[in-house]
Structures are given as C-alpha cells and as structure tokens.
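Understanding the architecture of this molecule
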Amino acid sequence: MADRRVLTNLRGLCTPDPARAWAVDRIPDAALALEGGRVAWMGRAADLPAHWNDAPKVDGGGAWATPGFVDPHTHLLFGGNRSGEFNRRLAGVSYQQIAAEGGGIRETVRATRAATVEELVTTGEARLQAFRQRGVVHLECKTGYGLELEAESRMTAAYAELKRRGWSLDVTLLPAHDIAPEFHGDAEANLRAVSEDWLPELVRRHPGVARFCDIFVETGVYTQEQGRRMFAAGKALGLIPRVHADELTWTGGAELAAEVGAASADHLMFCSEAGMKAMAAADVTPVLLPATTLFLGMRDWAPARKMIEAGCRVALATDFNPGSCPCVDPLTVLRLGCLQLRMTFEEAFTAMTLHAARSLRRDDLGHLHPGAKAEVLLWDVEELLELVYWVGEPYRPRFLNA
Ligand code: NIG
Ligand code: FE
C-alpha cells in the first residue's frame, strides 16, 4: 500500500484519547505508523507490529509528537488593522465606547468592503502561513466584516479560494456580526435582511463552502430572541449554529446555544451557571478565548473550571481578529489557559486539539489515535510542559511532511 511510513525515534508521543473526555495518553519511546495520510497504529516503538517492519522509517529526531492544534474561532479575513483604536484603548477609552462612536467592528467593515477578493486571499494566505508555522493545522474562520450581501459574498468567495488552494478550513457565515451602518441602529430590520435575504443568497452563490452560521448576541447588538430567529433560518439552509455568547455582558447566549443545538458557544466570560449546565446537557462545546480577555484589558476570565465541573468539554481558540485579539499564536492561548483559566497543561492541550476539533464536529483531527489525519507536530523539548513553562519562548514545531 502506498504511503506507508513509520515515525520512529520519538522521545514520546502525547495525544488526547477521543474515547475519554479529558484523558491524555503520554507514551514514552513511541512510534506512529501512518498509511494513506492517516494514523494506522500508535504505541511504544518496542511494540510495533511486525508487519510494519518493512515500511519506510521517518526519523523523529528525538522530539515529542503531538497532534496539530485546531483553532475553532478566528476572524481570519479582514481589511486594514485597528492599531489606532488600540492606542485609544490604552489611553482608557473602552471597546464598547469606540463601537458606540461608529468605530470598532464598523471601522474594519469599511476597510473590508474596499478590499477585492484577490486582496483578501493574499492577506488571508499570509495569515494562514503564520498560524501553520506555529502548529495550527485546521481553522474555523468567519465572514462578518462585510455586513452587506456583496461584501459578505466576497469574503465567502475568498474562503472558497483558500480552501481550493488546500488550506484546511471550516467556514462560518457571520453577516450578523454587528448592525450595518445602512440600518441606522435598527437591529430588527438588519436581522430580517440577514435571515431572509443574505444567508439564503450566500448559500446559493457558494454551495458547500460554509458549514456554520454565527451571530453576535450582545447588549447593543443582537438579542437572544433575534439569535433564535437567525438560527432557525440558518438551520433551514443546512448551517450549524455557533454563537458569540456572553462576551461583554450576560445575554443568555449559552442558554440559546443549548436550546438550538449549537456546536459551540464562544467567549462566555459572563456565562451563567444555568448556561453551563445547559451546555453540558446539550453537548455544546464552550469555546473560550482568553487572549481576547487579555487584549481587552479585562479581568473577567471565562469560568473554565466551573464549566469543566459542570461536565462541559471546554475548547480554547485564538479569536484572531483586528479589534479584540490580533493574535495568531496558539502558545499564547495555551499559556493563558493554564495561567489564567486555571486549566492543567493536559486540559489546555486537550482543549486546543481534541475538544477544538469536537466543537467543529470533526472526529479525525485533534488526536493521534488510529483513523486520525496524519497532522503530526514534532516539538524539540524534553518535556511538553516546557511549551507553557518557558513563557514567551517562541517555539515552532517541525512537521512530519516538512
Ligand atoms: O470575537 N465580538 C465580536 N467579534 C469579535 C471582535 C471583532 C472586532 O472587534 O473586530 C470578537 O471579539
Ligand atoms: Fe470572535
């Protein structure tokens, strides 16, 4: 069979176990047998089944092998940047105040509306390369900086082109990211345009490109009830809900996610205990974004420990975007997961691999058990915990196929 290979000379292999919620296998002196781009066997090198003896060997160079990171919440494509706004925030003006003045997301909307599909693809590809160098092998990425049909359509076309070029992406339609300037604060009219016109037309123009739909449920943006109606429209088009929920205030976003059977509820800094229980019962993955909390200068870290205790399989993501988190670095998120969300290394690692993939309803990413995609990272450290411990050290993984 073509493409049979055995990865040997590993210090160890560390992978979440997809069959057990928070279990991590840590196998010293490991080997990994690969066939057809998938994991066929993993275990101690000494236990490698005999029929793999004649397969070509790949030297792991004494590294630790892990699955690649999955980033389940990014706003990958946008025009311009918001460093000027950042400077105002450093001077004490709040994120919400800037948004209320017509800046914030709407500043990026102006720049994104001015960008061509080609420009979006070029900047998007450079950002994807930056993610990949840092070990991210699959990303969720959203529209949402068009806020009108044609610009949302150009963003979707750019994602389609990036997928065509081989990038591993899940696309989420987010035309309800804010209230478009044309609607002059009339959220209800904007929501009707999104649900009745834009979403159906985006799906019709770009069949098969998007899997998910999303809405910013937040004080001053869309209400829980408006989210409920938009998800009904999205589901009728075959889109799976995920939701920007309880980010800056409590708005019942987690409860809504549970009610509509969302794949994920994201942010959740102000999630209620009832919301946590509802997510656990409905198997909604909470996607926590601690680098956003950091970059917004807030101290309201999402209650990861309480969610884990409530039975939620928490995931972590960057939230890469120009306003609240211009960060492409999974190690920053891993470190904040441990240091601020009080997750153990194994929990934060699982949250950025297995549970991140789970929030995208993908079972062949985020682990290295048989059947998984052969997306293997090689880390030249003695112990994987060093990735967190040496804070600020810019580790870069090697890739199996590099
Ligand atoms: O996830 N909350 C809404 N969306 C982004 C921020 C977008 C922006 O500021 O440009 C977020 O934080
Ligand atoms: Fe976001």
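Residues numbered from 1 in each chain as written. Chains lettered and ligands numbered in written order. Predicted model: local features only at pLDDT ≥ 70, side-chain atom pairs only at ≥ 80, totals over all residues. Heavy atoms only, no water.

**Let's talk about the packing of helix 7 (residues 224-236) against helix 8 (residues 253-260)**
Between helix 7 and helix 8, the least distance of the axes is 10 Å, while the angle of their chain directions is 30°. When the interaxial angle is binned, helix 7 and helix 8 end up roughly parallel. As for how helix 7 packs across helix 8, the hand of that crossing is right-handed. Residues Q224, G227, R228, F231 and K235 of helix 7 pack against E255, L256, E259 and V260 of helix 8. Looking at the contact of helix 7 with helix 8, its residues break down into three nonpolar, two polar and four charged. (Axes fitted to C-alpha atoms, helices over the stretch in contact; angles between N-to-C directions. Helix = DSSP H or I, 4+ residues; strand = E, 2+ residues; numbered from the N terminus. Parallel < 35°, antiparallel > 145°, perpendicular 65-115°, else oblique. Left-handed = near helix turned anticlockwise from the far one by under 90°. Contact = heavy atoms within 4.5 Å. Nonpolar A, V, L, I, M, F, W, Y, C, P; charged D, E, K, R; others polar.)

**With respect to the site of ligand 1**
Y95, Y145, H177, E247 and S324 are the nearest of the 15 residues found near ligand 1. R82 has a polar side-chain atom sitting 2.7 Å from an oxygen atom of ligand 1. Between an oxygen atom of ligand 1 and a side-chain N or O atom of Y145, the distance comes to 2.6 Å. Against a free-state accessible area of 330 Å², the protein chains account for coverage of 100% of ligand 1. Spatially, ligand 1 is embedded in the largest cavity. Among the residues forming the shell around ligand 1, the class breakdown is four nonpolar, eight polar and three charged. (Near = heavy atom within 4 Å. Polar contact = N/O pair within 3.5 Å; in protein donor to acceptor, adjacent residues only side chain to side chain. Areas by Shrake-Rupley, 256 points an atom, 1.4 Å probe, with all protein chains shown as cover. 1 Å grid on protein atoms, 1.4 Å probe; cavity = no way out; pocket = protein on both sides within 12 Å on 5 of 7 lines; lining within 4 Å. Sits in = over half its atoms within 2 Å of the grid points.)

**A few points about the side chain of D364**
Looking at the secondary structure, you find D364 in the loop between helix 14 (354-359) and strand 14 (376-379). Among the polar contacts listed, one links the side chain of D364 to the side chain of R38, at a separation of 2.9 Å. Setting aside residues no more than four positions away along its own chain, D364 makes contact with R38, G371, A372 and K373.

**What about the sheet that holds strand 7 (residues 136-142)?**
If you trace the eight strands from one edge of the open sheet to the other, you get 6-7-8-9-10-11-12-13, paired in parallel fashion. Because the sheet does not close on itself, it has two edges, and the strands there are strand 6 (69-71) and strand 13 (315-316). Across two bridges, strand 12 (residues 285-288) lies against strand 13 in parallel orientation. Looking across to strand 13, one finds that L288 is bridged to L316. The sheet strands contacting helix 6 (residues 187-205) are strand 8 (169-176) and strand 9 (210-217), and the helix crosses strand 8 at an angle near 145°. The sheet contacts of helix 7 involve strand 8, strand 9 and strand 10 (240-245), and relative to strand 9 the element is tilted by about 170°. (Pairing = 2+ DSSP bridges.)

**Description of the layout of surface pockets**
Here the largest pocket defines a volume of roughly 190 Å³. For the lining of the largest pocket, the element with the highest residue contribution is helix 2 (residues 95-100), accounting for three residues. Along the lines of polarity and charge, the residues of the lining of the largest pocket split into six nonpolar, four polar and three charged. One number sums up the size of the second largest pocket: a volume of about 160 Å³. Forming the boundary of the second largest pocket are 13 residues, of which R89, V93, S94, L296 and G297 lie nearest the centre. In terms of residues, the lining of the second largest pocket owes the most to one element, helix 1 (residues 83-90), which gives three residues. Tallied by class, residues from the lining of the second largest pocket come to eight nonpolar, four polar and one charged. (Points joined across faces, edges and corners; volume = space filled by probe spheres on them.)

**Some remarks on the domain arrangement of the protein chain**
Taken domain by domain, the protein chain consists of domain 1 (4-68 + 366-400) and domain 2 (69-359). Measuring from the centre of the C-alpha atoms in domain 1 to the corresponding centre in domain 2 gives 30 Å. Counting residues at the interface gives 29 residues for domain 1 and 27 residues for domain 2. For the domain 1 face of the interface with domain 2, the top three residues by lost area are W22, V388 and R396, together amounting to 29%. A salt bridge links R132 to E375; the shortest N-O distance between them is 3.8 Å. In this structure, the connection of domain 1 to domain 2 is made through six residue pairs in polar contact (both at pLDDT 80 or more). (Domains from an automatic or database assignment. Buried area = accessible area lost by both parts, 1.4 Å probe. Salt bridge = Lys/Arg side-chain N within 4 Å of Asp/Glu carboxyl O.)

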